[in-house]
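As a plain string of letters, each chain reads:
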Amino acid sequence: MVLSHVPQVNGSEENFKRLLLNYSSRYSHQMGLKNRYHDNDELKISLRSLEKNAPWIRKVFLVTNGQIPNWLNTNHPKINMVAHSDIFDDLTHLPTFSSPAIEVHLHKIAGLSENFLYFNDDFILGSPVTRPLFDGRVTIHLSEEITEYEKQETVGKFLSDICTYRSTHRDDVYTDSLHFVSHLYQAVYHRELTRQISHLPYMINKSTMTELQSKFAGLYQRTSLHRFRQPDDMQFALAYYGYIICQDTLSHQVNIVFSICFLYIRSVADKLLTT
């Protein structure tokens, strides 16, 4: 059984805006914070595309901070509402406005299958997608290069530099979190992760995610308690797929693709949005 997650938030909802204003004053370095939570009805379009182009998906777990869109039929047999409080082990980590913090707990949703699809609410299927596309070998889509970073040769040196790293990296917390995971895996596995994971729907295995989080329990705990994105987050896609790449025992199950077509489409879209 395949299930799809859509973590969603409506930034125009009044209670949410009050919470965001209350906490965000301490994170003014994160430029464009309000735009990140602006609602453009992406969720509605995403759900419609799933129903039209992937009708074989049996359940959709909609993860929110408790918000329910007023247009959503929550009695639909495929829809399952999940609040952050349903999946966070430590409720003192809430409220959170950080997608990496929420992503730490997605695999704990009750009723989730061993292998599940993870969608963001801005993912839209433009044509029919068949289930076999997501069965069998793990396909990892790589996109552009992660910008250069200083490598750490030992785990001890890497971990000792975390506090300094966090205090000096403030310009682009997403890119910095990619660097963070790259540093970590280079120190632990002596493998270089030089490219980002494409921003696409992800097929996740619960057991593999549990194993990964057990290995780096302290770092995932740190990510979970962040109210907003931080440069020392365990960035979801790179940490998960990077872990798979670094496990030699799983290498025969992995198909790695460089998504040059994805890069071209995104570059065209960026030009259209900026002209």
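Residues numbered from 1 in each chain as written. Predicted model: local features only at pLDDT ≥ 70, side-chain atom pairs only at ≥ 80, totals over all residues. Heavy atoms only, no water.

### Considerations on the overall build of the protein
Phase 1 of the analysis: A count of helical and extended segments in the protein gives twelve helices and eight strands.
Phase 2 of the analysis: Looking at the protein as a whole, 47% of its 275 residues are labelled buried.
Phase 3 of the analysis: At a minimum sequence separation of 6, the contacts of the protein that also span at least 24 residues come to 79%.
Phase 4 of the analysis: Accessible surface for the protein amounts to roughly 14,300 Å². Of this, 53% is attributable to carbon and sulfur atoms. (Helix = DSSP H or I, 4+ residues; strand = E, 2+ residues; numbered from the N terminus. Buried < 20%, exposed > 50% of the residue type's maximum accessible area, 1.4 Å probe, protein only. Contact = heavy atoms within 4.5 Å. Areas by Shrake-Rupley, 256 points an atom, 1.4 Å probe, with all protein chains shown as cover.)

### Observations concerning the nonpolar core
Phase 1 of the analysis: In this structure, Y185, I204, F216 and M234 are the most contacted members of the largest nonpolar core, which totals 43 residues.
Phase 2 of the analysis: Element by element, the count of residues in this core is highest for helix α11 (residues 236-246), at ten residues.
Phase 3 of the analysis: In this view, F216 contacts L184, Y185, V188, Y189 and M234; residues no more than four positions away in its chain are not counted.
Phase 4 of the analysis: Within the second largest apolar cluster, 16 residues are counted, among which are A54, I79, F123 and F134. (Core = buried A, V, L, I, M, F, W, Y, C linked by side-chain atoms within 4.5 Å.)

### Quick notes on unusual backbone geometry
Phase 1 of the analysis: Here the bond from L94 into P95 is cis, since omega is 0 degrees, no more than 30 degrees from zero.
Phase 2 of the analysis: Position of P95 relative to the elements: it lies in the loop between α4 (84-87) and α5 (99-103).
Phase 3 of the analysis: Phi at H190 takes a positive value of approximately 55 degrees, unusual for a residue other than glycine.
Phase 4 of the analysis: Inspection of the secondary structure puts H190 in the loop between α8 (173-189) and β6 (195-197).

### Looking at the environment of Q186
Phase 1 of the analysis: Secondary-structure assignment places Q186 in helix α8.
Phase 2 of the analysis: Looking at Q186, the relative accessible area reads 8%, which means it is buried.
Phase 3 of the analysis: Spatially, the C-alpha atom of Q186 lies 9.7 Å from that of C246, the residues being 60 residues apart in sequence.

### With respect to the side chain of S46
Phase 1 of the analysis: In this structure, S46 sits in helix α3 (residues 42-53).
Phase 2 of the analysis: Relative accessible area serves as the criterion here: at 0%, S46 is assigned to the buried category.
Phase 3 of the analysis: Side-chain polar atoms of S46 contact the backbone oxygen of F123, separated by 2.6 Å.
Phase 4 of the analysis: Apart from residues no more than four positions distant in its own chain, S46 is found in contact with N120, D121, F123 and I124. (Polar contact = N/O pair within 3.5 Å; in protein donor to acceptor, adjacent residues only side chain to side chain.)

### Focus on helix α9 (residues 206-215)
The periodicity of an α-helix, 3.6 residues per turn, causes residues three or four places apart in sequence to face the same way.
Phase 1 of the analysis: Within α9, burial applies to T208, M209, L212 and Q213. Projected down its long axis, α9 shows its buried positions confined to an angular sector of 130 degrees, all on one face.
Phase 2 of the analysis: Residues of α9 that are buried sit in contact with α8, β7 (202-205), α10 (217-225) and α11.
Phase 3 of the analysis: N-capping of α9 is provided by N205, with a side-chain oxygen placed 3.1 Å from the backbone N of S207. (Arc of directions from axis to C-beta.)

### Re α10
Phase 1 of the analysis: Residues of α10 that are buried include every one of L219, Y220, T223 and S224, and no others. End-on, the buried residues of α10 take up no more than an arc of 140 degrees, which puts them together on one face.

### A few points about the packing of aromatic side chains
Phase 1 of the analysis: The final tally for this structure, using the stated rule, is ten aromatic pairs.
Phase 2 of the analysis: Look at Y202 and F236: their rings are 6.2 Å apart centre to centre, the planes differ by 45 degrees, and that puts the pair in the tilted class. Of this pair, Y202 sits in strand β7 while F236 is found in helix α11, placing the two residues 34 residues apart along the sequence.
Phase 3 of the analysis: Judged by centre distance (5.8 Å) and plane angle (55 degrees), the ring pair of Y202 and Y241 falls under tilted. (Phe/Tyr/Trp six-rings, centres within 6.5 Å; stacked < 30°, edge-to-face > 60°.)

### Regarding the side chain of T64
Phase 1 of the analysis: Positionally, T64 belongs in strand β2 (residues 59-64).
Phase 2 of the analysis: According to the relative accessible area criterion, T64 is buried, its value standing at 1%.
Phase 3 of the analysis: Engagement of the side chain of T64 in a polar contact is seen with the backbone nitrogen of G66, the distance being 2.9 Å.

### So, the confidence of the model for the protein
When pLDDT is low, close inspection of the predicted coordinates is not appropriate.
Phase 1 of the analysis: Taken as a whole, the protein shows an average pLDDT of 78; of its residues, 69% reach a score of 70 or greater.
Phase 2 of the analysis: Ranking the elements of the protein by mean pLDDT puts helix α12 (residues 260-274) last, at 41, and α10 first, at 96.
Phase 3 of the analysis: Contacts for the low-pLDDT stretch residues 1-5, under 50 throughout, to residues beyond four places or in other chains number 37 contacts.
Phase 4 of the analysis: This model gives residues 259-275 a pLDDT under 50, and the stretch forms eleven contacts once residues within four places in sequence are excluded. (pLDDT = per-residue confidence, 0-100.)

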